[in-house]
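Chain by chain, the residues:
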Amino acid sequence: MSNDRTRRPPDPWKNAQALFKPAAPKVAVPAEKRPAIPGAKEMVTLRIDRDVLEHFQSDGPGWQDRINDALRQAAGMTGDESLTPDELNSSNDG
């Protein structure tokens, strides 16, 4: 047997690693923000004074819509830019 040939490679780990291509670093791609459904409402948490809440709730159901209308008016958005459910469904009438 020849003495110039060893039975094992000097570093099996390095030899094994040399067989694989180095992986390219992955760049994190920001998630795409999906477009909102037209006319959909966004759920938020809002802290308002108790007397203001009681004022809007005193007229019964629909107080969230009344607060939304008051905020639209205060923001100068008097025209309702959102679509009604009938307008949303009109595209399905064919």
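This one's a predicted model, so the numbers in the text were calculated from it and none came from an experiment. (Residues numbered from 1 in each chain as written. Predicted model: local features only at pLDDT ≥ 70, side-chain atom pairs only at ≥ 80, totals over all residues. Heavy atoms only, no water.)

Once that is clear, we can look at the overall build of the chain. Across its full length, the chain holds four helices and zero strands. Going from N to C terminus, the chain has its helices and strands arranged as α-α-α-α. Out of the 94 residues belonging to the chain, those deemed buried represent 4%. Accessible surface for the chain amounts to roughly 9800 Å². Of this, 55% is attributable to carbon and sulfur atoms. (Helix = DSSP H or I, 4+ residues; strand = E, 2+ residues; numbered from the N terminus. Buried < 20%, exposed > 50% of the residue type's maximum accessible area, 1.4 Å probe, protein only. Areas by Shrake-Rupley, 256 points an atom, 1.4 Å probe, with all protein chains shown as cover.)

With that out of the way, let us pick up helix α3 (residues 63-74). With 12 residues, α3 ought to run about 16 Å at 1.5 Å a step, and its terminal C-alpha atoms sit 16 Å apart, in line with that. One or two steps after α3, the chain reaches G76, where phi turns positive at roughly 80 degrees. (Expected span 1.5 Å × (residues − 1).)

What follows concerns the packing of helix α2 (residues 50-57) against α3. Contact geometry of α2 with α3 gives a least axis separation of 8 Å together with a crossing angle of 115 degrees. With respect to each other, α2 and α3 are oriented roughly perpendicular. Seen from above, α2 lies across α3 with right-handed handedness. Mapping the contact onto sequence places L53, F56 and Q57 in α2 and W63, R66, I67 and A70 in α3. Of the residues that constitute the contact of α2 with α3, the class distribution is five nonpolar, one polar and one charged. (Axes fitted to C-alpha atoms, helices over the stretch in contact; angles between N-to-C directions. Parallel < 35°, antiparallel > 145°, perpendicular 65-115°, else oblique. Left-handed = near helix turned anticlockwise from the far one by under 90°. Contact = heavy atoms within 4.5 Å. Nonpolar A, V, L, I, M, F, W, Y, C, P; charged D, E, K, R; others polar.)

Moving on to a nonpolar patch on the surface. On the surface, a nonpolar cluster with roughly 450 Å² of combined accessible area is contributed by V44, L46, I48, V52 and L71. Among the secondary structure elements, I48 is positioned in the loop between α1 (12-18) and α2. What makes I48 partly exposed here is its relative accessible area of 36%. (Patch = residues over 30% accessible without salt bridge, like charges linked within 9 Å, V, L, I, M, F, W, Y side chains within 5 Å. Salt bridge = Lys/Arg side-chain N within 4 Å of Asp/Glu carboxyl O.)

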